[in-house]
Amino acid sequence: MKILVFYLWFHFYWSCFAKLDTEWWTHTIIYEMIPHTFKDSDGDGIGDFKGITSKLDHFVDLGIETIHMTPMFETTARDMGYDITDYYKVDHRLGTMSDLEELIREMNKRNMKLLLDLVINHSGHKHEWFQKSIDRIDPYTDYYMWKDSKGFDNETNKEIPPNNWVGLFRGIPGSGWAWNEKRKQFYFHQFLPEQPDFDLRNEILKKELWKMIEFWLNKGVAGFRLDATPFFFEDKEFRDDDPWRQYCQPEVFEFIHEFRTYLDKYNQEHGGFERIFIAEAHTSDDDVIKYYDREDYPVTHFPYMFLLEYFDKPLNAQMLYFYLFFWMMALPKGKVSAWMTQDHDGSRVGSRIVPEYGDIFTMISMMLPGTVGVYYGQEIAMIDGFVSKEQIKDFSGEGARDPCRLTMQWDDSINAGFSTNITTTYLPVNSDYFQKNVEIQKIQPVSHYNLFKDLSTLRRTNTFKYGKFKNYAHSGNVYSLTRSYEGHVLTVVANLHHTSSRVNLTEILKNHPDEITIAAASVNSGYIKGFNVGQDSREEFYMRPLTSLVLETYQPHTEDEDSTSNPFF
C-alpha cells in the first residue's frame with residue numbers, strides 16, 4: 001500500500017512539476033509530408049502509416065526530428081483530407097489506428113515528434129455533426145453557420161444568399177453560401193460546398209473540439225498546425241462587405257488564446273516536452289505578427305512565415321535584404337520565425353522560379369534564425385510534375401495544386417520506389433525520378449540531399465541556435481547573412497543573378513580571418529564542402545550564376561562583435 005501511495009504521489013509530482021522541454025520547437029526542422037504520397041507499404045498505390053514507419057531512418061540520416069502530417073482523418077477526400085468526416089478515426093486508406101500508434105512509438109524511439117493538421121474552420125459535409133445540424137438535432141443545431149434566405153429570385157428560380165460573401169477556392173467562383181433544401185437555410189463555406197464552416201462562437205462546439213484535441217495529445221502527438229486561422233470567424237452581423245475584409249476578425253485571437261490556455265494546462269499536467277500550436281496564416285505581415293504571444297496573452301507558439309514562398313521570380317539582393325530586415329524589425333523580442341519556401345498549396349521553388357533557386361532558398365531558410373519548415377522532396381530538390389485530367393485529386397482547384405504533390409522519389413525502380421503497384425498510384429510519379437531520387441543522391445558527393453544534410457548539421461551548432469544575425473546586400477545582386485557566436489561565424493553568400501559575380505570576401509567577412517572554409521555549397525556552385533579559400537582569391541572570389549555557399553570562419557571574440565550584431569536578437 002505504501003509503495004502504491006508513493007508511486008501515485010511521485011507520478012503526480014512528475015506530471016505537474018517536471019520541467020518542460022520548451023526549447024525543442026525554437027530551432028527544429030519541421031518536415032511536412034502528405035501521407036498518401038510519401039510511401040506505400042502494401043502495394044495499393046496509396047501511401048500509408050506503415051510506409052512512413054519504414055522510412056523513419058531517412059529522417060534520422062537527415063537530422064530531422066519533427067514531422068508535420070497533412071490530414072490523416074476519415075474523409076470524403078474532396079480536398080486532400082481537409083474535408084473531415086470523423087475526427088476520431090483515421091483514413092482507412094492509410095491504415096489503422098494501431099498503425100498510427102506504432103508510427104508514434106517508433107518516432108519516440110528516435111526522439112522524433114509528430115504534428116497534425118488541426119482542421120477546425122470547417123468539417124466535411126458527411127460529418128455526423130453536420131448531418132445532425134441539418135436535422136436540427138441539439139446540440140448540433142447551431143454548430144455551423146446557418147442563415148435564412150434573403151428572398152427568392154424568380155429569374156434564376158433560386159433562393160437569394162444572405163449577403164455578398166464569396167468562396168475562396170479557384171474553380172468555385174461566386175457565393176460562399178450553399179442552400180440546403182432539407183433545412184431550408186443557407187450554410188456558409190469558405191472553401192468547397194462539401195466543407196461547411198463551423199460557428200466557432202458556439203460554446204458547446206468549442207468544448208467538443210477541445211475534447212478531440214486532447215484525444216490526440218493523449219496519443220502522443222506533439223502539437224498541431226492550425227489550418228486556415230484567418231478564416232475562423234466572420235462578421236457576426238453578417239453585413240455585406242469587401243469579401244476579404246470579413247476575415248481576420250479579433251475573435252480569431254480570442255479563440256486561439258482560449259485553446260492555448262487549455263494547451264498550457266495540459267503541458268503543465270503532463271510534463272515532458274512542450275506541445276505546441278502553429279498558425280497557418282496567409283495574410284498581411286501586420287496580422288501575422290498578432291499570432292505571437294503578447295505579454296500574458298498567449299496565442300500560437302509561432303505562425304509560419306511565408307515570405308520566401310510568395311516569391312515567384314528571381315530576386316535582387318536589395319529586395320531580399322529589405323524584406324528580411326523589416327520582418328526582423330517587426331518580430332517580437334524573444335520570438336522565433338518559422339520559415340517556409342514551399343508547401344502543399346503552391347508550386348515548388350524550382351518550378352515557380354528556376355531550378356537553381358531550390359538550393360538557394362533551402363540554404364537561406366535553413367540558416368535564418370528560428371524554425372524552418374521543409375516540404376517532402378525538398379531534400380532532393382523535387383519539382384512539379386504533370387497531372388492529367390484523369391489523375392486529378394485537387395477537386396477544389398481543378399488540379400492546380402496536384403503538380404506539387406506528386407509521389408516521393410526514393411529510387412530509380414518502378415514508381416520511384418514509392419509503390420509496387422504498376423497500375424496506378426494516388427498521384428503520378430514525376431518523369432525525372434530515375435535521375436532525381438534519394439538513393440542516387442545519397443551516394444553522390446555533390447547532391448541536393450547531401451547539401452541538406454550539411455545544412456542540418458550546421459543548424460545543430462550553438463552558432464546557429466544562439467548566434468547573432470546580420471543581413472547584407474552587395475553589388476552585383478549578391479546577398480549574404482551571417483550567424484556569429486563566440487568567434488565562430490557562419491556566412492551565407494548567394495549570387496541571386498543569372499550572371500557570374502566577383503565577390504569580395506574580405507569585405508564581407510571584415511576581419512580578414514586566417515582561414516575560410518566552405519561548410520556547404522549549392523550543387524551548381526563548382527565548390528565542395530571543406531574547400532579552403534586561399535588568401536589570393538578572397539578579394540575577387542568567383543561565383544557562378546544562381547549559386548550559394550555557407551562559409552565557416554573563426555575569429556577572435558570581441559565586445560565590438562556584440563555591439564555591431566543584429567539588434568533584433
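Note: the structure precedes this text.
Definitions and cut-offs
Residues numbered from 1 in each chain as written. Predicted model: local features only at pLDDT ≥ 70, side-chain atom pairs only at ≥ 80, totals over all residues. Heavy atoms only, no water. Helix = DSSP H or I, 4+ residues; strand = E, 2+ residues; numbered from the N terminus. Rg over C-alpha atoms; globule rule 2.2 N^0.38 Å. Buried < 20%, exposed > 50% of the residue type's maximum accessible area, 1.4 Å probe, protein only. Contact = heavy atoms within 4.5 Å. Areas by Shrake-Rupley, 256 points an atom, 1.4 Å probe, with all protein chains shown as cover. Lys, Arg positive; Asp, Glu negative; His and termini not counted. Charge placed at Lys NZ, Arg CZ, Asp CG, Glu CD. Pairing = 2+ DSSP bridges. Axes fitted to C-alpha atoms, helices over the stretch in contact; angles between N-to-C directions. Expected span 1.5 Å × (residues − 1). Arc of directions from axis to C-beta. Polar contact = N/O pair within 3.5 Å; in protein donor to acceptor, adjacent residues only side chain to side chain. Left-handed = near helix turned anticlockwise from the far one by under 90°. Nonpolar A, V, L, I, M, F, W, Y, C, P; charged D, E, K, R; others polar.

A.B. asks: Quick one: what's the story with the overall build of the protein chain, residue by residue and with numbers?
C.D. replies: Helix and strand content of the protein chain: 16 helices and 23 strands. The C-alpha atoms of the protein chain give a radius of gyration of 25 Å, which matches the 25 Å a tight globule of 569 residues would have. With the C-alpha coordinates aligned to their principal axes, the bounding extent of the protein chain is approximately 80 × 70 × 50 Å. Taken across its 569 residues, the protein chain has 59% of its residues classed as buried. A fraction of 69% describes how many contacts in the protein chain between residues 6 or more apart in sequence connect residues 24 or more apart. Accessible surface, the protein chain: about 24,300 Å² in total, of which carbon and sulfur atoms supply 52%. The distance from the centre of the 59 positive side-chain charges to the centre of the 84 negative ones in the protein chain is 2 Å.

A.B. asks: Go over the pairing of strand E5 (residues 113-118), please, and point to the residues and values.
C.D. replies: On a regular strand, each side chain points to the face opposite its neighbour's, so the side chains alternate between the two faces of the sheet. Within E5, six of the six residues are buried, leaving the element largely enclosed by the surrounding structure. A two-sided burial pattern is seen for E5, the buried positions comprising Lys-113, Leu-115 and Asp-117 on one face and Leu-114, Leu-116 and Leu-118 on the other. Strand direction decides the pairing type here: strand E2 (residues 66-69) and E5, joined by four bridges, are parallel. Note that in E5 the partner of His-68 across the bridge is Leu-115. Relative to strand E11 (residues 223-226), E5 runs parallel, the two sharing four bridges. In the sheet register, Asp-117 faces E11, and the bridge partner there is Arg-225.

A.B. asks: Can you explain the sheet that holds strand E9 (residues 177-180)? Please cite residues and give values.
C.D. replies: Taken in spatial order, the three strands make up an open sheet running E6-E10-E9, and their pairing is antiparallel. Looking along the sheet, the strands with just one partner apiece sit at the ends: strand E6 (146-147) and E9. Note: E6 against strand E10 (residues 185-188), two bridges, orientation antiparallel. In the strand pairing of E10, Trp-146 is matched with Tyr-187.

A.B. asks: Break down the sheet that holds strand E13 (residues 302-305) for me, with residues and values.
C.D. replies: With parallel pairing, the eight strands of this closed barrel are ordered in space as E1-E2-E5-E11-E12-E13-E14-E15. Neighbour-to-neighbour, the strand axes of this sheet turn through a mean angle of 30 degrees, independent of strand direction. Across four bridges, the pairing between strand E1 (residues 29-33) and E2 is parallel. What sits directly across from Ile-30, in E2, is Thr-66. Strands in contact with helix H4 (residues 97-109) are E2 and E5; relative to E5, the strand with the most contacts, it is inclined by about 135 degrees.

A.B. asks: How would you sum up helix H9 (residues 317-330)? Please name residues and give values.
C.D. replies: The periodicity of an α-helix, 3.6 residues per turn, causes residues three or four places apart in sequence to face the same way. The end-to-end C-alpha separation of H9 is 20 Å, in line with the 20 Å expected for 14 residues at 1.5 Å each. Residues Ala-317, Leu-320, Tyr-321, Leu-324, Trp-327 and Met-328 constitute the buried set of H9. All buried residues of H9 fall inside an arc of 140 degrees around its axis, so they share one side. In this structure, the buried residues of H9 make contact with helix H8 (285-289), E13, strand E14 (338-340), helix H11 (357-367), strand E16 (468-474) and strand E17 (478-485). The opening residue of H9, the one whose side-chain oxygen lies 3.1 Å from the backbone nitrogen of Gln-318, is Asn-316.

A.B. asks: So what's going on with the environment of Phe-541? Residues and values would help.
C.D. replies: With respect to the secondary-structure elements, Phe-541 resides in strand E22 (residues 541-543). Judged by its relative accessible area of 3%, Phe-541 falls in the buried class. In contact with Phe-541, other than residues within four places in its own chain, are Ser-501, Arg-502, Val-503, Leu-505, Tyr-527, Val-533 and Leu-549.

A.B. asks: Talk me through unusual backbone geometry; I want residue IDs and the actual numbers.
C.D. replies: With an omega of 5 degrees, the peptide bond running from Asp-138 to Pro-139 counts as cis. A positive phi is found at Glu-486, a non-glycine position, where the angle reads about 50 degrees. Looking at the element boundaries, Glu-486 is found in the loop between E17 and strand E18 (488-495).

A.B. asks: Go over the environment of Gly-385, please, and point to the residues and values.
C.D. replies: Of note, Gly-385 is situated in the loop between strand E15 (371-375) and helix H12 (438-443). Using a relative accessible area of 16% as the deciding quantity, one classes Gly-385 as buried. Along the chain, Gly-385 and Cys-404 lie 19 residues apart, while their C-alpha atoms are 6.9 Å from each other. Discounting chain neighbours no more than four positions away, the residues touching Gly-385 are Pro-403, Leu-406 and Asn-430.

A.B. asks: Pulling in residues and values, what's your account of the packing of helix H6 (residues 203-218) against helix H7 (residues 251-270)?
C.D. replies: In a pair of packed helices, the angle between the axes and the distance between the axes together describe the arrangement. In the contact formed by H6 and H7, the axes pass within 11 Å of each other and the chain directions differ by 35 degrees. Regarding H6 and H7, the two cross each other, and that crossing is right-handed. For the pair H6 and H7, contact is made by Glu-203, Lys-206, Leu-209, Trp-210, Ile-213, Glu-214, Leu-217 and Asn-218 and by Phe-255, Glu-258, Phe-259, Tyr-262, Leu-263, Tyr-266 and His-270, respectively. For the contact of H6 with H7, the residue count by class is nine nonpolar, two polar and four charged.

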